[in-house]
There are 2 protein chains.
Amino acid sequence: MHFISIMFQGDKNNGFDVLYHNMKYGLVASKELSEFFREKSNIEETNSKLMIKLANKANSGCVHGTFAPIWVVLKSSAEKLSSLHLQMVQKISELVKDVSKYADELHKKHKSVKEEEAGTLEAVQAMQASTVAVQKAKDLFSNKMQEFEKLRKDNSSTKDIEKAETKLKKQQDDYKQLLDKHNPVKAEFERRMTITCKVWPNNSSAHRKFLFLNAFLCVYVPLQRFQDLEENHLKQMKEFLSTYIELLQNNHDMVGKVHSEFKRQFMEMTVDKLLEQFVLSKYTGLEKPGEWK
Amino acid sequence: MHFISIMFQGDKNNGFDVLYHNMKYGLVASKELSEFFREKSNIEETNSKLMIKLANKANSGCVHGTFAPIWVVLKSSAEKLSSLHLQMVQKISELVKDVSKYADELHKKHKSVKEEEAGTLEAVQAMQASTVAVQKAKDLFSNKMQEFEKLRKDNSSTKDIEKAETKLKKQQDDYKQLLDKHNPVKAEFERRMTITCKVWPNNSSAHRKFLFLNAFLCVYVPLQRFQDLEENHLKQMKEFLSTYIELLQNNHDMVGKVHSEFKRQFMEMTVDKLLEQFVLSKYTGLEKPGEWK
C-alpha cells in the first residue's frame, strides 16, 4: 500500500499536507508509547512492593503449630514473584529508555525533513489558497452568466441586460486574472511535488505517462520520502512492541514456574509430614524421668 | 506419625500441655490464612484498577496517524487483564469468607474440647507442680545425706554429726510427705490421660502391655483426640490452599491467553496493513478537480 493513494484527494490538494502533518503523529505515538511502557513499569514496581508485603505477612505467620512450614513456602513464593516483578521493572525501564531515545532521534529527523520540505509546504499552501480563490471566482462567474441568460430569456429591459452583461464581463475578467495567477502557482506546486518524490521506482517515463493518464488529478506524487519515513517508523515501533510482548511472555512463563514450584512443594507437605515435622520440633528427647523412693 | 511421640518427653510431663495449647495455633493459622488471602485479594483489586488506568492511557493514545490501530489492541488487552484481576478479587473474597467461617467453627470446637479437657489440664498442671516439688525435696535430701556422711568420714564431733542427722531425718520426712501427696496426683493424672485417649487402636490389652514396657515413662497416652482434631484441621487448611493454587493457576492461564491473543492481533498488524488502514482513513474519494477555462 502506497501513500500515493492519499494524493487522490480531489481538488483540495491536501495530500502533501496530510503526509507532512502525519509525521508529527509518529512522534506523538513514540512519546505516548514510552509513557505507556513507563506506566506498565510503575505497575510492576507497585506489584513488587505489594508482593514483598504479602511475603512479610506470610513471614509473620505463627511459627508454632503444624501449619508453620506452609507459611515458609507461601513466603518464599511471594518473594520470588516480587523479584520477578522487579525484573520486569528493570527490563521495561530499559525499553522506555530506548523508546525515548528513538523519539528524540525521530524529532531531529522530522526537523530536517521539515526544513527541506518547507518550500514544498509553501507551494502546497499557495496552491490550496489559489485553488479556492479560482473556484470561488468560477462559481461567481457562472452565477452572473445564469442571471444574464435569465434576463435575456425573460425579455427584460435592454438596460437591465446591459447592466448584467457588464457585471458578467467584470467577473470574467476577475476569473481570468486569478487563472493567470494560478498557473505559475500550479507549476511551482507540481515542480515541488516532483522534487518531494525522491524515489520513483525504475522508470520515470512511466511515471510521467502515469501523470498524463491521471491528468484529471491536480496532484500525483507518491511522496516516497514520507512513505519511507513512515515505514521505518512503524517497523521501529513494532520492534519495541515485539520486545514488550516478549518481556510479558517470558515473565508470564517464570510466574507460571513459581506457581508450579509452589504447588509441588505444597503437595509434598502431606498432612502426615506436617504432623511429623511438628512432633519432631516438640520432641525433646528420651529422658528417663526416674522413680522416687 | 502420631502425636504419641510428643508424650515421650521425660520428666516434664508436658506432652498434654503441648497438644492442648497447639489447638490455639490451629485457630491462629486459620485466621492468618484468611488475612493472607484478603491481602492477596487487595493486590488483585489494586491491579484491576491499575490496568484500567493503563487501558485509559492506551485509549488516550493519538487517534491520528498510522499507529492508532495498535492503541486499540493495547487498550483491549489491558481491559481484559483488568477484568481477570477483578475476577480474582471475587473468587479470593469467596475463599476468605470460607476460611473465616471455618475459623469461627474451629473456635467453637476448641471451646468445647477445652471444657471437656479442663479436668485433665488441671491434673496435668498438678502433676507438673508436684513433680517439681518432689524432685526438689529429693535433691535437698541427697545434699543432707552427703553432708552427714562427710561429717562421719571426717570424724567430726558427735554433736555436729547428731545435728546433721536431725537435719537429714527432717528432710527425709519432708520428702516422704511430698511423695505421699504425689501418689494420688499421679494416679489422677494417669487416669485422666487414659480418658483423654478416646480411641486406642483395636487391642487395649496390647496398649496396657505397651504401657508396662514403657514403664520408665511417666506418661504414655496417644491423645488420639488431639491427633484427630489436628489432622482434620490440616486437611481443611490444605483444601483452602489447594483452592487458592487452582485459582492462581486458572487465572495465570487466562492471562496467558490474553497475552497470546494480543500477540496474534499485533502480528496481524503488519506495517503494510497499518499503512493501508491509514491511507483508507485519509482517502476521501476520487473527485475530479476539474479544469478552469
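Structure's up top.
Residues numbered from 1 in each chain as written. Chains lettered and ligands numbered in written order. Predicted model: local features only at pLDDT ≥ 70, side-chain atom pairs only at ≥ 80, totals over all residues. Heavy atoms only, no water.

**Student:** Tell me about the overall build of chain A, and please be specific about residues and values.
**Tutor:** Scanning chain A from N- to C-terminus turns up six helices and zero strands. A sequence separation of at least 24 residues applies to 85% of the contacts in chain A between residues at least 6 apart. Carbon and sulfur atoms form 52% of the exposed surface of chain A, whose accessible area is close to 15500 Å². (Helix = DSSP H or I, 4+ residues; strand = E, 2+ residues; numbered from the N terminus. Contact = heavy atoms within 4.5 Å. Areas by Shrake-Rupley, 256 points an atom, 1.4 Å probe, with all protein chains shown as cover.)

**Student:** Summarise the pattern of salt bridges; cite the residues concerned and give the values.
**Tutor:** As enumerated under the stated definition, the model contains 18 salt bridges over all chains in all. When the shortest N-O distance is used, the salt bridge between Lys40 of chain A and Glu44 of chain A registers 3.1 Å. Of the two residues, Lys40 of chain A and Glu44 of chain A both sit in helix 1 (residues 15-59), four residues apart, roughly one turn of that helix. The pair Lys40 of chain A / Glu44 of chain A is uniform in exposure class, with both members buried. Close ionic contact of Asp154 of chain B with Lys150 of chain B constitutes a salt bridge, the shortest N to O distance being 3.3 Å. Owing to a relative accessible area of 46%, Asp154 of chain B belongs among the partly exposed residues under this scheme. Here Lys150 of chain B falls in the exposed class, since its relative accessible area comes to 54%. Connected through shared salt-bridge partners, Glu35 and Glu39 of chain A together with Lys53 and Lys57 of chain B make up one network. (Salt bridge = Lys/Arg side-chain N within 4 Å of Asp/Glu carboxyl O. Buried < 20%, exposed > 50% of the residue type's maximum accessible area, 1.4 Å probe, protein only.)

**Student:** Break down the packing of aromatic side chains for me, with residues and values.
**Tutor:** This structure, assessed with the given rule, holds 16 aromatic pairs over all chains. Taking the centre distance of 5.7 Å and the plane angle of 65° together, the rings of Tyr102 of chain B and Phe240 of chain B count as edge-to-face. Of this pair, Tyr102 of chain B sits in helix 2 (residues 68-116) while Phe240 of chain B sits in helix 6 (residues 224-268); the two residues are 138 residues apart in sequence, bridging distant segments of the chain. Grouping aromatic residues by their ring pairs yields a cluster made of Phe36, Phe37 and Tyr244 of chain A together with Phe67 and Trp71 of chain B. Its end group placed over the ring of Phe266 of chain B, Lys238 of chain A keeps NZ or CZ at 4.5 Å from the ring centre. (Phe/Tyr/Trp six-rings, centres within 6.5 Å; stacked < 30°, edge-to-face > 60°. Lys NZ or Arg CZ within 6 Å of the ring centre and 35° of its normal.)

**Student:** I'd like a description of helix 7 (residues 271-282) of chain B, backed by residues and values.
**Tutor:** All names here are of chain B. The end-to-end C-alpha separation of helix 7 is 17 Å, in line with the 16 Å expected for twelve residues at 1.5 Å each. Among the residues of helix 7, Val271, Leu274, Leu275, Phe278 and Val279 are the ones counted as buried. The buried residues of helix 7 all sit within an arc of 135° when viewed along its axis, so they share a single face. Turned more than 90 degrees away from the buried face of helix 7 sit Leu280 and Ser281, all of them exposed. (Expected span 1.5 Å × (residues − 1). Arc of directions from axis to C-beta.)

**Student:** So what's going on with the environment of Lys273 of chain B? Residues and values would help.
**Tutor:** Residue and element names in this part refer to chain B. Note that Lys273 resides in helix 7. On the basis of relative accessibility, which here comes to 46%, the residue Lys273 falls in the partly exposed class. Between the C-alpha atom of Lys273 and that of Ala164, which follows or precedes it by 109 residues, the distance is 111 Å.

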